[in-house]
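# Report on the structure
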Amino acid sequence: MAIRSGLAAQLGIAQETTWGTYVAPDHFYEFLNEGLKNNIERIESKGLRLNTRVVRTDRWAAGKQDVNGQVEFEVHNKGYGLLFKHMLGGAAIAADGAGWKQTFTFGDPYGLGMTVQVGRPDFGGTVRAFTYTGCKVEQWELSNSVDNILNVKCTFDGQQESTAQSLASAS
């Protein structure tokens, strides 16, 4: 059982090899807030029927599904390469002495996709996994001020939501 508060929340991402296909998250981030959600349009019958005041349950169906929402992060000095690659579209990584040199450029995001998994604790203390596949960074914004840490706000657009995947172990 986890802490019965938002302190037990987690957010992880992974690059998909095939767009829209689940990959277990391998990059975990501290985040300030998140608002990812699954929106399902409702298709309702427009037919008229005698003495019908409300739409019957057999007269509507689930329609198009759309996943979107924002996540805000504080950017630290390590571990944000994958996120920046998906924000900008292109990345070059090379060994540079004792570490790595990463260069990010504007590129074509075609073929790039991420699995984003959010662990949300419920009132009972169980952390529930909400997994979003086929995610792309639709918009992003960097902001900073004096005596503050650099923030990035990403708007994600995804293919679908699943609650069937198990929660990945944050490392």
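Residues numbered from 1 in each chain as written. Predicted model: local features only at pLDDT ≥ 70, side-chain atom pairs only at ≥ 80, totals over all residues. Heavy atoms only, no water.

## Some details on the pairing of strand β9 (residues 127-143)
Both strand β8 (residues 114-121) and β9 contribute to a ladder of seven bridges, which runs antiparallel. In the sheet register, Gly-119 faces β9, and the bridge partner there is Ala-129. Hairpin geometry of β8 and β9 is characterised by an intervening segment of five residues between the two adjacent antiparallel strands and by a positive phi of about 95 degrees at Gly-125. As paired strands, β9 and strand β10 (residues 151-158) are joined by seven bridges and run antiparallel to one another. Directly across from Ser-143, in β10, lies its bridge partner Asn-151. (Pairing = 2+ DSSP bridges. Helix = DSSP H or I, 4+ residues; strand = E, 2+ residues; numbered from the N terminus.)

## What about the side chain of Glu-16?
Here Glu-16 shows up in the loop between β1 (10-15) and β2 (27-29). In terms of polar contacts, Glu-16 uses its side chain to reach the side chain of Thr-115, at 2.9 Å. Excluding residues within four positions of it along the chain, Glu-16 makes contact with Thr-21, Val-23, Gly-113, Met-114, Thr-115, Thr-133 and Gly-134. (Polar contact = N/O pair within 3.5 Å; in protein donor to acceptor, adjacent residues only side chain to side chain. Contact = heavy atoms within 4.5 Å.)

## So, helix α1 (residues 81-88)
Among the eight residues in α1, seven count as buried, and that is most of the element. Restricting attention to buried positions, one finds in α1 the residues Gly-81, Leu-82, Leu-83, Phe-84, His-86, Met-87 and Leu-88. (Buried < 20%, exposed > 50% of the residue type's maximum accessible area, 1.4 Å probe, protein only.)

## Focus: the side chain of His-86
By the element assignment, His-86 lies in helix α1. Separated by 3.4 Å, the side chains of His-86 and Gln-15 make a polar contact.

Purely geometric stuff here, so don't read any function into it on its own.
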